[in-house]
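# Examining the three-dimensional arrangement
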Amino acid sequence: SLFKFGFGFIEVGTVTPERQLGNPKPRIFRLEKDKALINRLGFNNQGSKVISERISNNQPKGFLGINIGPNKDTKNKEDDYYTCLTKLSIYASYVTINISSPNTEGLRNFHNQKEMEKLLTGINKIKKEKKINQPVAIKLSPDINEEDISSIIELIKKYNIQCIIISNTTDSNREKLSDIKKNEVGGLSGEPLRKISTSLIKKFYKETNGKIEIIGVGGVDSGQSVFEKITAGANAVQLYTGMVYKGPGIIKDIKKELISILKKENLKNISQAIGINA
């Protein structure tokens, strides 16, 4: 039903191999003064079996990404990615490897070069064995160190990862927030993430020379914020918090505003704007 609002593509997840209840409630907090959310959902979902059945019984007529991750109490996180990739890729237009949620302990360790190499080696092995042709995206944290960008890009190229999603929520950057809930534990999204993710998109776009697809996420709630992400180097954008605040009509509003921005900038197509401000 989400496609009917006018989305160009939709990504579902994060899906884990087994059913998971997630963290105790309350676990989502609106920071209205900051146009932000903090969430510590903890990958609450019905598990790969139920979700694969649900999608296969109601296969959407649209470009569908499926985002996968490990269960909280799993012994081997890599195996959980391989299980989900095997079970769910058949229903996906692309699969996102989520290594960047701040709400699963140890997950962000996969940004470490050795851990990432091990994971991507396994992902490629499964793709080859199971003849999985769907593109793979990797979803990164906005809290990575600048000096790690080059080594991450090196591995993404080496293991032929087709897309980078920049970025997940941040578990820092609270200093400038004014809402009383700013110190809740969890990932911060919305307006405070906008410039942080756009700046990271520019860095990845420059270092990859625009050769790897980038999906831009963080603080998208208007045509202008979409245009910023695209001109920084994103090929597509995603939003979540923007829709929480502005409702599903946000998509039509963004498209209208984008059309007028393109006219003003004398661009015939949004794809002409990719990376022009990187």
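You'll find the structure just up there.
To start, this report covers the structure provided alongside it. (Residues numbered from 1 in each chain as written. Predicted model: local features only at pLDDT ≥ 70, side-chain atom pairs only at ≥ 80, totals over all residues. Heavy atoms only, no water.)

The next subject is the sheet that holds strand β8 (residues 187-190). As a general point, the strands of a sheet are linked pairwise by backbone hydrogen bonds and lie either parallel or antiparallel. Taken in spatial order, the three strands make up an open sheet running β2-β3-β8, and their pairing is antiparallel. Looking along the sheet, the strands with just one partner apiece sit at the ends: β2 (28-31) and β8. With direction set aside, neighbouring strand axes in the sheet form an average angle of 25°. Here β2 pairs with strand β3 (residues 36-39) via four bridges, running antiparallel. Its bridge partner being in β3, Ile-28 is matched across the sheet by Asn-39. (Pairing = 2+ DSSP bridges. Helix = DSSP H or I, 4+ residues; strand = E, 2+ residues; numbered from the N terminus. Axes fitted to C-alpha atoms, helices over the stretch in contact; angles between N-to-C directions.)

Further remarks concern the nonpolar core. One recurring pattern in soluble globular proteins: nonpolar side chains tend to sit buried together. Counting 61 residues, the largest nonpolar core has Ile-68, Tyr-81, Ile-97, Ile-99, Ile-138 and Phe-204 as its most contacted members. In terms of residue count, the dominant contributor to this core is helix α8 (residues 250-264) (six residues). Beyond its immediate sequence surroundings of up to four residues, Phe-204 is in contact with Leu-140, Ile-144, Ile-149, Ile-152, Ile-153, Ile-164, Ile-166 and Ile-214. In this structure, Tyr-94, Cys-163, Ile-215 and Val-217 belong to the second largest nonpolar core, which totals seven residues. (Core = buried A, V, L, I, M, F, W, Y, C linked by side-chain atoms within 4.5 Å. Buried < 20%, exposed > 50% of the residue type's maximum accessible area, 1.4 Å probe, protein only. Contact = heavy atoms within 4.5 Å.)

In this structure, Thr-14 sits in strand β1 (residues 9-15). In this structure Thr-14 comes out as buried when scored by relative accessible area, which is 10%. Among the polar contacts listed, one links the side chain of Thr-14 to the side chain of Asn-67, at a separation of 2.6 Å. Here Asn-98 takes part through its side chain, which lies 2.9 Å from a polar atom of the side chain of Thr-14. (Polar contact = N/O pair within 3.5 Å; in protein donor to acceptor, adjacent residues only side chain to side chain.)

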